[in-house]
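Structural overview for review
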Amino acid sequence: MKPSISVIGLGYVGLCTAVCFAAKGFKVYGADIDEKRVNDLSKGKSPIYEPRLEEFIKKTLRTRMFTPTTDIDSALAQTSMTFVSVGTPSLRDGSIDLSSVKHASSAIGNSLGKKRDWHLVVIRSTVVPTTCDRVVKPEIEAASSKQCGQGWGLCVNPEFLKEGSAIHDTIYPDRVVIGESDERSGNTLSSLYRMFFRRNVIIERMSMTNAELVKYASNAFLAMKVSFVNMIANLCETVPLADVTVVTHAIGLDRRIGPSFLHAGLGYGGSCFPKDLKALVAFGKKQNVDLPLALATAEINEKQPLRAVDLGEKLIGDLSGKRVAVLGLAFKPDTDDMREAVSIPVIRELLKRQAHVVAYDPKAIQQAVKIFGTSISYAESAANCIRGSELSILVTEWKKLGELKPQDFKRLMKQPALVDGRRLFDPSQLAGLKFAAVGLG
Ligand code: UGA
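Below is a summary of the structure that appears in this document. (Residues numbered from 1 in each chain as written. Predicted model: local features only at pLDDT ≥ 70, side-chain atom pairs only at ≥ 80, totals over all residues. Heavy atoms only, no water.)

Before going further, it helps to examine the side chain of glutamate 50. With respect to the secondary-structure elements, glutamate 50 resides in the loop between helix H2 (35–42) and helix H3 (53–62). Within the buried set, glutamate 50 has no salt-bridge partner at all; the shortest N-O distance to an opposite charge, 7.2 Å, is to lysine 332. Non-local contacts of glutamate 50, meaning those with residues more than four positions away in its chain, are made with Tyr12, Lys162, Glu163, Gly164, Ser165, Ala166 and Ile167. (Helix = DSSP H or I, 4+ residues; strand = E, 2+ residues; numbered from the N terminus. Buried < 20%, exposed > 50% of the residue type's maximum accessible area, 1.4 Å probe, protein only. Lys, Arg positive; Asp, Glu negative; His and termini not counted. Salt bridge = Lys/Arg side-chain N within 4 Å of Asp/Glu carboxyl O. Contact = heavy atoms within 4.5 Å.)

Here's what the structure looks like:
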């Protein structure tokens, strides 16, 4: 028999977890305190743009396997396990804000206090090492008056899904990591995943603290790879005929290095890498341990967006009073998410240098308006964005933007000049255009 599941927190992670389990025939109650979000979801409307997500929401509402609700207590009462995927944003000092995790833990504790059946609580939010042992467990114990291991168990199950391919990553992960408070809890979650996948997926079981560490170490390593290639890219720019794309392709063929996350550009953004790096450094500080690689990774990343503006100035001179087209605003393609997007510091710097900015993104214009209001203009197509501009800067590598041809730049721009901040274009195809790119000497 497939167990029923509740999911608390219907953001990216929670929603994808909920609808993927529901699509595989598990009865899922998805709880969130945001009434509007729950109402929209009940009508089949996704609160975020994510490929295939709305299709999954609609399908699982139709089959009645997914029930969005604001009532955490009743969601818990009707299920035997609860995934927690509430947000863990940064505090001013970079450490993570655990208030939502604490709030969810005490709500769970209150419900568990009334339950007779054994219940499994699974923390899927990203939390710094020792949080489950030192914060979640005592909160639930205090609110339920039940010891962990007696009446309920606890697991940490970090997610590794990427925005833009979140549904695919949930169904086809490279591995599942389970940190467990005790064997029964680990066995229960492992067998849930075996029912979910019905194929061989690597399941790594460990202590809760180790699972918490795995998540931070993974994201820090991936961010470090990106900053590493950007460091090499900056070096390449100073060497005639050097090209970082050629170099990284060749180094990626070494199986010890691997080809992914070696794409040079204007740096990483998003809701995870910048925040997780800061939290890791803050945790290191608390432990009295220096984490110089994590610090250098973040430092390289903070400077990287400004390369685009400097390269633009090199191409066309002083930017003051010039119309500059910014192509792509989302922190990466296939999402409307602009959290920590590189486009933000790029545009801020352009405004500082008194350029007139016109921006285009296939999905993120609404988000951009919230950030920049009327300080910049917005175009409804890439062609209109570059029309009449004196400089174009490619910031997010949407596939659609790669379809712009050299003749489009020449025909539409006041003067054809392009900075490729993501190495989307083939330099050999751009003759007749003033052109500069990250990592191109
Ligand atoms: C990241 C991780 O990849 C996921 O495994 C993790 O689960 C997630 O964070 C999280 O902690 O929740 P995500 O932020 O969605 O996922 O996006 P990524 O695809 O990892 O990209 C992050 C940033 O790095 C983007 O701004 C992207 O443009 C940049 N990037 C990535 C590069 O500049 N170069 C690359 O080669 C790869």
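This brings us to the sheet that holds strand S9 (residues 323–327). What the 6 strands build is an open sheet, ordered S11-S10-S9-S12-S13-S14; its pairing is parallel. Looking at strand neighbours, the two that pair on one side only are strand S11 (377–378) and strand S14 (434–437), the edges of this open sheet. Note that S9 and strand S12 (residues 391–394) share 4 bridges and pair parallel. When the bridges of S12 are listed, valine 326 appears paired with isoleucine 393. (Pairing = 2+ DSSP bridges.)

Helix H9 (residues 208–236) packs onto helix H6 (residues 131–144) with a crossing angle of 115° between their chain directions and a minimal axis gap of 8 Å. Considering their axes alone, H6 and H9 lie roughly perpendicular with respect to each other. Of the residues in H9, those touching H6 at Thr131, Cys132 and Asp133 are Met208, Thr209 and Glu212. Its residues assigned to classes, the contact of H6 with H9 comprises 2 nonpolar, 2 polar and 2 charged. (Axes fitted to C-alpha atoms, helices over the stretch in contact; angles between N-to-C directions. Parallel < 35°, antiparallel > 145°, perpendicular 65-115°, else oblique. Nonpolar A, V, L, I, M, F, W, Y, C, P; charged D, E, K, R; others polar.)

The next subject is the site of the ligand. Lining the immediate environment of the ligand, one finds 20 residues, of which Glu163, Lys215, Asn219, His263 and Lys332 sit closest. Between the ligand and histidine 263 there is a distance of 2.8 Å, counted from an oxygen atom to a backbone nitrogen or oxygen. A distance of 2.8 Å separates an oxygen atom of the ligand from a polar atom in the side chain of lysine 332. With the chains in place, 92% of the 710 Å² that the ligand exposes on its own is no longer accessible. Only H9 and helix H11 (273–286) provide two or more residues apiece to the shell around the ligand. (Near = heavy atom within 4 Å. Polar contact = N/O pair within 3.5 Å; in protein donor to acceptor, adjacent residues only side chain to side chain. Areas by Shrake-Rupley, 256 points an atom, 1.4 Å probe, with all protein chains shown as cover.)

The next point concerns the nonpolar core. One broad trend across soluble globular proteins is that nonpolar side chains are buried collectively. The biggest cluster of nonpolar side chains holds 61 residues, and the ones touching the most others in it are Leu327, Leu350, Leu391 and Phe409. The greatest single-element share of this core, amounting to 5 residues, is contributed by helix H13 (residues 305–316). If we skip the residues at most four places from it in the chain, leucine 350 touches Val309, Leu319, Val324, Val326, Ala355, Val357 and Ile393. Listed in part, the 42 residues of the second largest apolar core include Leu98, Ala107, Val128 and Ala279. (Core = buried A, V, L, I, M, F, W, Y, C linked by side-chain atoms within 4.5 Å.)

Now for H6. With 14 residues, H6 should reach 20 Å at 1.5 Å per residue; the first-to-last C-alpha distance of 18 Å fits that figure. Along H6, the helix axis deviates most sharply at lysine 137, where the bend reaches about 25°; the proline proline 138 sits within four residues downstream. Those residues of H6 not exposed but buried are Thr131, Cys132, Val135, Val136, Ile140, Glu141 and Ser144. On the buried face of H6, the contacting elements are helix H5 (99–114), strand S5 (119–123), strand S6 (152–156) and H9. Following H6 by one or two positions, serine 145 adopts a phi angle in the positive range, close to 60°. (Expected span 1.5 Å × (residues − 1). Bend = angle between axes of the 7 residues up to and from the residue.)

The strand order across the open sheet formed by 8 strands is S3-S2-S1-S4-S5-S6-S7-S8, and the pairing between neighbours is mixed. The sheet is open, and its two edges are formed by strand S3 (66–69) and strand S8 (203–206), each paired on a single side. Across this sheet, the average inter-strand angle for adjacent strands is 25°, counted without regard to direction. The pairing of S5 with S6 spans 5 bridges and is parallel. What sits directly across from leucine 120, in S6, is glycine 153. Docked against the sheet, H9 engages S6, strand S7 (176–180) and S8, running at close to 145° with respect to S7.

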